[in-house]
Amino acid sequence: MARETTYLELSQDGGGAHKFYEVTVDGTAVSVRYGRIGADGQLQNSSFPTAEKARAAAAKKIGEKVRKGYAPAVPGQRAARAVTRRQVTSAPSTARSVAPVLWRFRTGSSAFGIHVDEDRCWVGNQAGDVYTLSHGGEVLARYSLPDGVKCLVADDFWIYAGCDDGTVYDLSSKVPFGAYDIAADVDIYWLDIHEGVLNVSDAAGGLTVIDHEDEFQWSRKSAGSGAWMVRADEGAVYHGHSAGVTAYASDGSGELWHTATGGSVLFGWQEEHAVYAGTGRKVVQRLAKATGAVEATYGCDAAVYSCATSPDGRYVFAGDSSSSVYCFDADGRRLWKLGTGGGSALSMQYLDERLYLVTTDGSLVCVDASEAAIIAAQRGSVPVAVDVKSAAALPVFTPAASAAAVATVSVAAAPAGAVVVECVQQGGRMRVQVVSTGFEPSWNVQFPRGIREAGARYVVDGLHASSGGFYRVRGEIRRLV
């Protein structure tokens, strides 16, 4: 029997889907390759007792995809998603002293993504690797995602990684899964998520808003391009681009204000009452969320690649294109400037007197930002930085992209307190609803896109109600048999 290959694509105008699905039958072997159009995708191999059973399994897979809207296509005819890799330069620091670096972890590739919480530190790089580390610098786990990580964002205790393939992965459960699928014509620059609503800023200066069910809500085109900043709260979305910062009502009803900044916005941060815009003209500006008024300006000596604050904006930190990191008081007075000792900081966060940076050489760096450590560093006394190594036996987690890759469990073997959910077809959309007693059945669940099959039931060990009126997964997902 000759080798047979069926190639399908699903590409929706104005929608999120831009995928391919390829099934190859070779005797008793069936291979499935799938992913974003233009990418290599992921590969799954299966074997069957006979060639007839292999062909039957392949036909079933193809039929399922055709019913979902996939159609025969020719590989290479549709263009891949536009992806902009941020091109940055990093000059040596002009600071006289080096920051007191406690430890440094080299991820092996250029990194932009960072998130630091009370439990651990997260870093994501251009190779698609996301690592978690303790605050002491011990590498705890690694996630391997299909494409480069643009940024890491937190929404309550859920952690999401936005990738160049247009998928936003939820890393909060034991196995990462694709939670959002961004339209193929959006060249993603930055992401933020607030109460399950995804906000995407892009190369053209556009802003796209998608709800927890991966459904498009609204979009706007701001006055500038190159939108490297998007931050959101319950009332507004703050969009930073080449012409400044524009605030839009969170429901998409209109523009609230626009403020021109000192140069193109290259990074953004927010606190309760203010947003901070780091710009290409060597300043960070603090803007009032209510009005857009410029409340303070923080002057650096080179273009600002990143910024962050301590709680309530008492201290403001900035990283420039010349491998320096700064600290200011709330009013704009510069308190110190130190060299990073290893490239320019592309993203940063502050927690408990420590400043965490991801730099142009792909490192996650922990700096002691306490007053005593900074004074000692300015006098030339810094600790010897620990060079953190990744353990050979480090667990690696990859996304479960299809129902076939998900473990199964019987009702009797389900963990105590686990929740049962069911996939149901409603109005042309696949919904996931809780069917266990004691839960609100009208609320939907943010669930892996790739394992939604009509009628399928899953056991979720850890399902939490969100203030956005839906449930989110924070545990293991297994198919109920």
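Just so it is clear, the structure is predicted and the values come from calculations on it, not from any experiment. (Residues numbered from 1 in each chain as written. Predicted model: local features only at pLDDT ≥ 70, side-chain atom pairs only at ≥ 80, totals over all residues. Heavy atoms only, no water.)

A. Representation of the pattern of salt bridges in the model. Evaluated as defined, the whole model comprises 20 salt bridges. For R431, the salt bridge goes to E215, with nearest N and O atoms at 2.8 Å. Separated by 216 residues along the polypeptide, R431 in strand 38 (residues 429-434) and E215 in the loop between strand 17 (206-210) and strand 18 (216-221) bring together distant segments of the chain. The class of R431 is buried, set by a relative accessible area of 14%. A salt bridge links E295 to R286; the nearest nitrogen and oxygen atoms lie 3.0 Å apart. Overall, R286 belongs to the buried group, its relative accessible area being 15%. Because the salt bridges share partners, they merge into one network encompassing R106, D361, D387 and K389. (Salt bridge = Lys/Arg side-chain N within 4 Å of Asp/Glu carboxyl O. Helix = DSSP H or I, 4+ residues; strand = E, 2+ residues; numbered from the N terminus. Buried < 20%, exposed > 50% of the residue type's maximum accessible area, 1.4 Å probe, protein only.)

B. The arrangement of the side chain of S201 in detail. Along the chain, the position of S201 falls in strand 16 (residues 197-202). Classification of S201 by relative accessible area gives buried; the value is 0%. Within the structure, S201 has its side chain in polar contact with the backbone oxygen of A227 (distance 2.9 Å). Contacts of S201, omitting those with residues within four sequence positions, involve D187, I188, Y189, W190, G206, A227, W228, M229, V230 and H239. (Polar contact = N/O pair within 3.5 Å; in protein donor to acceptor, adjacent residues only side chain to side chain. Contact = heavy atoms within 4.5 Å.)

C. Up close: the sheet that holds strand 10 (residues 139-144). Within the open sheet, the five strands sit side by side as 7-8-9-10-35. Their pairing is mixed. The open sheet has two free edges, formed respectively by strand 7 (111-116) and strand 35 (396-397), since each of these has just one partner strand. Sheet topology places strand 9 (residues 129-133) next to strand 10; five bridges connect them, and they run antiparallel. The partner of T132 across the bridge, within strand 10, is A141. (Pairing = 2+ DSSP bridges.)

D. Layout of the packing of aromatic side chains. A full pass over the atoms with the stated rule returns 20 aromatic pairs. Ring geometry for Y326 versus F328: centroids 6.1 Å apart, planes at 15 degrees, classification stacked. Both rings, one in F439 and one in Y471, keep their centres 5.8 Å apart while their planes meet at 70 degrees; by these two values the pair is edge-to-face. Here the residue F439 occupies a position in the loop between strand 38 and strand 39 (445-446), and Y471 occupies one in strand 41 (residues 470-480), the gap between them amounting to 32 residues. Look at Y471 and you get buried, because its relative accessible area is 5%. Ring-pair connections join several aromatic residues into one group, and the members of that group are Y276, Y298, Y326 and F328. (Phe/Tyr/Trp six-rings, centres within 6.5 Å; stacked < 30°, edge-to-face > 60°.)

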